[in-house]
Each structure stands twice: as C-alpha cells, then as structure tokens.
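For reference, the chains in residue letters:
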Amino acid sequence: MRKVYLDNAATTPTHPKVAEAMQPYYSKIFGNPSSFHSFGQEAKKAVEDAREKLAALLGSQPEEIVFTSGGTESDNTALEGVAYALEKKGDHIITSAIEHHAVIETCEFLKMRGFKVTCLPVNQEGLVDPEAVRQAITDKTILVSIMHANNEIGTIEPIAEIAKVTKEKGIYLHTDAVQTVGHIPIKVNELGVDLLSLSAHKFYGPKGTGALYIRKGTRLVPFLHGGAQERNRRGSTENVPGVVGMGVAAEIAAKEMKDWSEHETKLRDYLIKEIQTRIPNTLLNGHPTQRLANNVNISFKFIEGESILLNLDMLGIAASTGSACSSGSLDPSHVLLAIGRPHEEAHGSIRFTLGKETTKEDIDYLLKELPPIVEKLRKMSPLSK
Ligand SMILES: *Cc1c(COP(=O)(O)O)cnc(C)c1O
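Because the structure is a prediction, the values reported are computed rather than measured. (Residues numbered from 1 in each chain as written. Predicted model: local features only at pLDDT ≥ 70, side-chain atom pairs only at ≥ 80, totals over all residues. Heavy atoms only, no water.)

Asker: What is the right way to read the site of the ligand from this model?
Answerer: If you check the shell around the ligand, you find 13 residues, and the closest are T72, D176, Q179, S199 and K202. Note that a nitrogen atom of the ligand is positioned 2.7 Å from one of the side-chain N or O atoms of D176. Per-element accounting of the shell around the ligand gives the leading share, three residues, to helix α4 (residues 71-85). Split into classes, the residues belonging to the shell around the ligand amount to two nonpolar, eight polar and three charged. (Near = heavy atom within 4 Å. Polar contact = N/O pair within 3.5 Å; in protein donor to acceptor, adjacent residues only side chain to side chain. Helix = DSSP H or I, 4+ residues; strand = E, 2+ residues; numbered from the N terminus. Nonpolar A, V, L, I, M, F, W, Y, C, P; charged D, E, K, R; others polar.)

Asker: Honestly, the pairing of strand β2 (residues 65-68) in this entry has me stumped. Any pointers?
Answerer: The side chains of a regular strand alternate, first on one face of the sheet and then on the other. Side chains I65 and F67 project from β2 onto one buried face, and the interleaved V66 and T68 project onto a second face that is buried too. Bridging between β2 and strand β8 (residues 210-214) involves four bridges; their strand directions are antiparallel. Across the sheet, the residue bridging to V66 is L212, located in β8. (Buried < 20%, exposed > 50% of the residue type's maximum accessible area, 1.4 Å probe, protein only. Pairing = 2+ DSSP bridges.)

Asker: How should I be thinking about the pattern of salt bridges in this particular structure?
Answerer: Side chains that differ in sign of charge can pair as their charged atoms come close. Here the structure, examined in full by the defined rule, presents 21 salt bridges. Ionic pairing is found between D362 and R2, a salt bridge with its closest N-O pair at 2.9 Å. Separated by 360 residues along the polypeptide, D362 in helix α14 (residues 360-380) and R2 in the segment before β1 (4-5) bring together distant segments of the chain. Ionic pairing is found between D194 and R215, a salt bridge with its closest N-O pair at 3.5 Å. (Salt bridge = Lys/Arg side-chain N within 4 Å of Asp/Glu carboxyl O.)

Asker: What am I meant to see in the sheet that holds strand β10 (residues 295-300) here?
Answerer: Strand pairing in a sheet relies on backbone hydrogen bonds, with the paired strands running either antiparallel or parallel. Across the sheet, three strands lie side by side as β9-β10-β12; this open sheet has antiparallel pairing. Each edge of the open sheet is held by one strand with a lone partner, namely β9 (282-284) and β12 (349-353). Neighbour-to-neighbour, the strand axes of the sheet open up by a mean angle of 25 degrees, direction not taken into account. One ladder, built from three bridges, connects β9 with β10; its direction is antiparallel. Each bridged residue has a counterpart across the sheet, and for L283 the counterpart in β10 is S299. Running over the sheet, helix α11 (residues 305-314) touches β10 and β12 and is turned about 45 degrees from β12. On top of the sheet, α14 reaches β9, β10 and β12; it is set at about 25 degrees to β10, its chief contact. (Axes fitted to C-alpha atoms, helices over the stretch in contact; angles between N-to-C directions. Contact = heavy atoms within 4.5 Å.)

Asker: I'm lost on the nonpolar core in this one. Help?
Answerer: Within soluble globular proteins, side chains that are nonpolar generally end up buried alongside one another. L58, F67, V181, L196 and L198 are the most contacted members of the largest nonpolar core, which totals 60 residues. Among the elements that line this core, the one with the most residues is helix α10 (residues 240-278), at eleven residues. Looking at which domains feed residues into this core, each of domain 1 (4-12 + 257-384) and domain 2 (16-252) gives three or more. Residue contacts for F67: discarding those within four places in its chain leaves V47, A50, R51, L54, G210, A211, E230, R234, V243 and M246. By size, the runner-up hydrophobic cluster in this structure holds 29 residues, among which are F300, I350, L367 and I373. (Core = buried A, V, L, I, M, F, W, Y, C linked by side-chain atoms within 4.5 Å. Domains from an automatic or database assignment.)

Asker: I would appreciate a short explanation of the pairing of strand β5 (residues 141-145) in the present structure.
Answerer: Extensive coverage of β5 is indicated by the burial of five of its five residues. Two strands pair when backbone bridges link them, and strand β3 (residues 92-96) and β5 are joined in this way by four bridges, in the parallel orientation. Bridging from a neighbouring strand, H92 pairs with T141 of β5. Where β5 lies against strand β6 (residues 172-176), three bridges are found, and the strand directions are parallel. Of the residues in β6, the one forming a bridge with L143 is Y172. Traced from β5 through helix α7 (residues 159-169) to β6, the parallel crossover comes out right-handed. (Right-handed = clockwise from strand over helix to strand, strands pointing away.)

Asker: Which parts of the structure should I look at to understand the domain arrangement of the chain?
Answerer: Accessible area lost on assembly of the parts is the figure often given for the size of an interface. Under the domain assignment, the chain is made up of domain 1 (4-12 + 257-384) and domain 2 (16-252). With 30 residues of domain 1 at the interface, the matching set in domain 2 holds 36 residues. Together, the buried faces of domain 1 and domain 2 total about 2,700 Å²; carbon and sulfur atoms form 57% of this surface. Considering only the surface of domain 1 that becomes buried against domain 2, T12, M257 and L292 emerge as the three largest contributors, covering 24% of it. (Buried area = accessible area lost by both parts, 1.4 Å probe.)

Asker: Looking at this model, I keep getting lost on the environment of H334. Mind explaining?
Answerer: Position of H334 relative to the elements: it lies in helix α12 (residues 334-338). Taking the relative accessible area as the measure of exposure, H334 reaches 23% and is therefore partly exposed. What H334 contacts, discounting residues up to four positions off in sequence, is A97, I98, E99, H101, I104 and E152. A distance of 2.8 Å separates the side chain of H334 from the backbone oxygen of E99, its partner in a polar contact.

What follows is the structure, encoded as structure tokens:
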C-alpha cells in the first residue's frame, strides 16, 4: 500500500544526516559534559558546537541558548520562569486564545498560583491584533506570550509588531516558535522577542530535544533545579546526542529551508485549490497567505474529521484533526472555535501538513481518494440531509 505522511506539524522524520551525526555520542563519546577529564571535555565541545549552530540559525549569542527537553519544557520555563522571577513586580500575563497546550496549561497552572491571565481573541483568520496587546497591558503586566505560527491553522502572527508594543512598555515578550524555527528565517533581534521556544523534532531533528532562547539580561527562575549546567539556567546532564542532532538539523535547515518552503508552498496551494474545486462545502481555516508553507486546514461541512481520518488511514494517508495533543479528546479544537467556526464545522476539520519529502504524486493520491470518502460520509450523515 502507498504510504503518505501529511502530519509534519506533529513531528518530522529525523534527517539521515542528523541520525548519523548523533550515533557516536551514544557509545564512543559518552562523557558527561560537566566532567573535567578529556571524556567530558569532548562531549562538552560537541554541546557547545551545537549551541553555536543554533545561535547562528537564530542570530543570537550562543550564551543566549538554553537546551531543554523540547518545546513543552521551553514554554513552561519561559512562562513560569518569568512569572516567579518578576512576581514582586506584577502578576499579570497576556497570551492568546490559540496557543499550544504547553502555553495554555502553564497559564492555567499559574492562575491557580494567583497570577492573572488575559487571553486575547483572534480574528477569523487567526491573527492577534497588536493594538489589543497594547490595550491589555496594565502596570502589573510582566509577560506577553504569543506564538509565532499556529500549529493547527498555520497562521503566522505579527510578532515584530507586537514586539514594538512590549518594548515600548518595557515588558518581556515570549514566542512559541516551535512551528517556525527551521522553516522560516528568524532573527531574534528583527523579531524583537526576549524569549523564544523551539523543538528539534519539528525540523527534522530528534525528539525530546529543544531549546529556549533567552535574551541576555532577561530575569528568569530556573525550571529544573539541580546542577550548574546551562549557566545555572537548567539543572540536569545535557542530552548530548539529542543536542548534537539538533545542531546538525539547525545547520541543514539554515541552508535548505528556502527550497523546502518553495516546494511546500507550491504543493500547498495546489492542494487547497483542488480540494475546493473537487469537494463542495469546504472552507479553508487560517489566513489565506500569511500562513505556514506546509499547512492546509480544511473544514468539511456535515461530517466528522475523525471519520475522514480513519478512512484515509486505511488507505495509508496520515493526517490529523488538529493538534496531536487534543486527538483522543472529544472536545472540538480551541483554535477553530477561537476563529469563529461553529462546533459542527470545528468537528469536521482536517489538517494536512506537508514536508520536504512530500511529492506531487502524494498529493494526487490524496486528491483521488479524498472526494469519494467525503461523499460517502456525507451520504450517511444526518447533518447533510
Ligand atoms: C509541537 C509543539 C509544541 C511541543 O513541542 P514538544 O517538543 O513536542 O514538547 C509546542 N508548541 C507548538 C506550537 C508545537 O507545535
């Protein structure tokens, strides 16, 4: 059976060169980077090389990169780290209604600890209004956290505009850039953020490895208390193979992301156009142009996204109803509700996320199989009568 993977926003395959570069660090070069002897120093050198590669990708100083276990830990560290460091200054955090669960749930946790959180709405295309950020700021605001691009609908947020507001008011700005690092050119100084989360497995690196960019001088309480690793910003022995792999992934992405993006944009626009021509009663979710090159999110009226997924999976096609984290729950996506989709339409949505390896043949296979599935399900659906 043909296998087509269209769930690259959930995770990407590890690049063969990344896997190859990691291999020696499991057995041959196994030292603890904190150890003084030559075994440790060899591992330490590999970790610091990777830090430089990440810094080059983001246009930051190497010292501003802290390695973590992934996007979730980076988000938790940014929010809790700033909240506890600045709790004497203020107790107010601003975020958006379409954040990843790693941000939403951390905000919920902080609310239980007495912090106040303003959750800004988005427009129908999923955009946060920088003026709304300005209006939400009070003299108690300590942090604004708005994602760079949404993982479900692909909308890219005006972070540089938001940064103008936060800079003017002297408030820290964090962005969850897990969907954009390695895909869109990012320079932290141009973006104007103080903290930025990234995760290796979303750009062809290994799972369980990420980083948090922390602008020099930013006050932050460590999330993991322990040893003095990462300049006292994160205890725990570094995941040396993971960090090495992420460094190589960053290096490859810096060279190739432009080609990936051009390739994906072409296939994305073809897929969107063809679905809309071949299948009636479909709606594109997210911004028509200010969106990730690989994201196609469509609401199919009158039917359940889960049933479409099941039928596609039987034909070897992998897609998603939204975020990997909310699959398995029956609640409709908070992102689709936030852009104003009614419950039925939110339930009938599918996210296809392409990758650098996706081919026109893959998309044509999907375009051949999808219309009859939708037609069959609609015939059985009470909603379409
Ligand atoms: C995948 C993802 C995360 C979580 O990253 P992990 O490395 O899997 O913990 C956070 N935010 C966004 C936007 C994501 O897409």
